[in-house]
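The primary structure of each chain is shown beneath.
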Amino acid sequence: WIDWTIVIVPTIIIAGLAVVMQSYVRSVADFMAGSRVAGRYLITNAGAEMGLTVVGAVAVYELVQQAGFTLSWWGKLSIPVGLIMTLWGFVAYRYRETRVMTLAQFFEIRYSKSFRVFAGLIGFLSGVINYGIFPALASRFFIYCCGFPVEVIIGSIHIPTMAIIMALYLTATMTMTLTGGHLTIMVTDCVGSLITVVFYTVIIIVLLNMFSWSQIETAMSGAPAGQSMLNPFDTGAAKDFNIWYVLIGLLGSVYGRMTWQGGHAFNNCAKSPHEAKMAGILGCWRGAGQGLMGTLIAICAFTYLHHPDFAAGAAKVRELLQAVPDDTIRTQVTTAVTLSQMLPTGVLGMVVATFLL
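One structure accompanies this document, and this report is about it. (Residues numbered from 1 in each chain as written. Predicted model: local features only at pLDDT ≥ 70, side-chain atom pairs only at ≥ 80, totals over all residues. Heavy atoms only, no water.)

This part takes up helix H6 (residues 78-88). Listed in full, the buried residues belonging to H6 are Gly-82, Met-85 and Thr-86. Buried residues of H6, viewed axially, fall in a sector of 100°; they line one side. For H6, the exposed residues set more than 90 degrees away from the buried face come down to Ile-84, Leu-87 and Trp-88. Residues of H6 that are buried make contact with helix H12 (243-255) and helix H13 (273-306). The first or second residue beyond H6 is Gly-89, which carries a positive phi of 75°. (Buried < 20%, exposed > 50% of the residue type's maximum accessible area, 1.4 Å probe, protein only. Helix = DSSP H or I, 4+ residues; strand = E, 2+ residues; numbered from the N terminus. Arc of directions from axis to C-beta. Contact = heavy atoms within 4.5 Å.)

With that settled, the discussion passes to the pairing of strand S2 (residues 157-160). Within a regular beta strand, the side chains point alternately toward one face of the sheet and then the other, so they alternate between its two faces. Pairing geometry for strand S1 (residues 151-154) and S2, over four bridges, is antiparallel. Residue pairing in the sheet places Glu-151 in a bridge with Pro-160 of S2. (Pairing = 2+ DSSP bridges.)

This paragraph deals with the packing of aromatic side chains. In the structure shown here, the tally under the stated rule is 16 aromatic pairs. When the ring of Trp-88 is compared with that of Phe-90, the centres are 5.2 Å apart and the planes differ by 20°; the resulting orientation is stacked. With 5.8 Å between their ring centres and 50° between their planes, Tyr-95 and Phe-106 make a pair best called tilted. Linking Tyr-95 in helix H7 (residues 92-97) with Phe-106 in helix H8 (residues 103-110), this pair joins segments that are eleven residues apart in sequence. For Tyr-95, a relative accessible area of 6% puts it in the buried group. Within the aromatic cluster, the residues linked to one another by ring pairs are Tyr-95, Phe-106, Phe-107, Tyr-111, Phe-115 and Phe-118. (Phe/Tyr/Trp six-rings, centres within 6.5 Å; stacked < 30°, edge-to-face > 60°.)

Between H6 and H13, the least distance of the axes is 8 Å, while the angle of their chain directions is 160°. Viewed along their axes, H6 and H13 adopt a mutual orientation that is roughly antiparallel. For H6 against H13, the interelement crossing comes out left-handed. Contacts between H6 and H13 involve Leu-83, Thr-86 and Leu-87 from the first element and Lys-277, Gly-280, Ile-281 and Cys-284 from the second. (Axes fitted to C-alpha atoms, helices over the stretch in contact; angles between N-to-C directions. Parallel < 35°, antiparallel > 145°, perpendicular 65-115°, else oblique. Left-handed = near helix turned anticlockwise from the far one by under 90°.)

Two side chains with opposite charge may pair up if their charged atoms get near one another. Under the criterion given, the structure shown has four salt bridges. Residue Glu-275 pairs with Arg-40 through a salt bridge whose shortest N-O separation is 2.6 Å. Taken together, the positions of Glu-275 in helix H13 and Arg-40 in helix H3 (residues 40-51) put the pair 235 residues apart, joining distant regions of the chain. (Salt bridge = Lys/Arg side-chain N within 4 Å of Asp/Glu carboxyl O.)

Attention now moves to the nonpolar core. Counting 62 residues, the largest nonpolar core has Phe-141, Ile-203, Leu-207 and Phe-355 as the members making the most contacts within it. Broken down by element, this core gets its largest block of residues, nine residues, from H13. Sequence-distant contacts of Leu-207, that is, excluding residues within four places in its chain, are made with Leu-296, Ile-297, Cys-300, Met-342 and Leu-343. Counting 13 residues, the second-largest nonpolar core is a separate cluster that includes Met-21, Ala-38, Val-187 and Ala-279. (Core = buried A, V, L, I, M, F, W, Y, C linked by side-chain atoms within 4.5 Å.)

The subject of this paragraph is a nonpolar patch on the surface. Side chains of Trp-4, Ile-8, Ile-12 and Phe-148 sit close together on the surface and give an oily, nonpolar patch of about 380 Å² of accessible area. Position of Phe-148 relative to the elements: it lies in the loop between helix H9 (113-146) and S1. With relative accessibility at 31%, the residue Phe-148 sits in the partly exposed group. (Patch = residues over 30% accessible without salt bridge, like charges linked within 9 Å, V, L, I, M, F, W, Y side chains within 5 Å. Areas by Shrake-Rupley, 256 points an atom, 1.4 Å probe, with all protein chains shown as cover.)

How two helices pack is summed up by the angle between their axes together with the distance between the axes. Here helix H10 (residues 161-210) crosses helix H16 (residues 347-356) at 140°, and the two axes come no closer than 10 Å. Here H16 runs oblique to H10, going by the angle between their axes. Between H10 and H16 lies a crossing whose hand is left-handed. Taking contact as the criterion, the partners of Thr-196, Phe-199, Tyr-200, Val-202, Ile-203 and Val-206 in H10 are, on H16, Val-347, Met-350, Val-351, Ala-353 and Thr-354. When grouped by side-chain class, the residues that make up the contact of H10 with H16 number nine nonpolar, two polar and no charged. (Nonpolar A, V, L, I, M, F, W, Y, C, P; charged D, E, K, R; others polar.)

This part is about unusual backbone geometry. Of note in the backbone geometry, Arg-36 takes a positive phi value of approximately 55° without being a glycine. Judged by relative accessible area, Arg-36 falls into the buried class, the value being 14%. You will see that Val-91, though not glycine, has its phi angle at about 75°, which is positive. As for its placement among the helices and strands, Val-91 is situated in the loop between H6 and H7.

Keep in mind these values describe shape, not function.
Right, here's the structure in full:
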């Protein structure tokens, strides 16, 4: 009941705030761009919460399970690149000068209405594919982390639990978005971020007390030569997550600057280009705690599975994973199952609440 209280109470707060915020939406600018009145701190917190996704977390967990610390070390190259683009105002200042409220509107002004329609179709089709994959991955995370059954049986009807969870949270997010627009999303994300940053702190402190550095080092030092999980200069034999993976990501971050449809409203909501720039700078610091929590969870989960001090718990995790028939799904939910067995009461609720928010 402690875990479920931690999950339910913040959810009720956010839902109530979403209802209240609907009364402040009075114009297209309110709905599409948050009235262009947001300050740096609001954007920093709301943007960080919007950027935290279950799918992204699952990807980080899988990455750390295979590459350990090494990719995180090379990934630090993104910090100066991101700061340079932010301080320079790269794209942000010129984009704001157009006064557009959506990326689609910019396409029509910059190119033509036909191109706007074409780009819209591409965005729509890719969104349909996206929503056939991402919500399924997120639902599986909640199922295996919370210990839900794979299906619900009502009489002679077998309903996949994944479908029920997808229907519930997609309905909730669609309702919030369509009734309150970006003004509601921005404020609820900011409040959610203030709640989850407290959770981050507690989760990090608990994990650092549960696992010693010597245990982590022992668990991660067994990788073969050329695939080290600790030494970034001993990864020549790594096939998937290597330096090329990082460089491709850096190139994409520059070439695709501010083109992500999911965050387009955050590109327009600041009350001035300077506030948008300052939000980007603060976001680098705000994201550090968020990144630490994700990396630490993945590393501690790996240690829990591979260090002899946790052999009994690891055996239970492997037993539960054996019930997952598909190899790909088993890889995706390994960390979720590990968290369900590894984390103490209360902390597990904080992890679930963080991703639900």
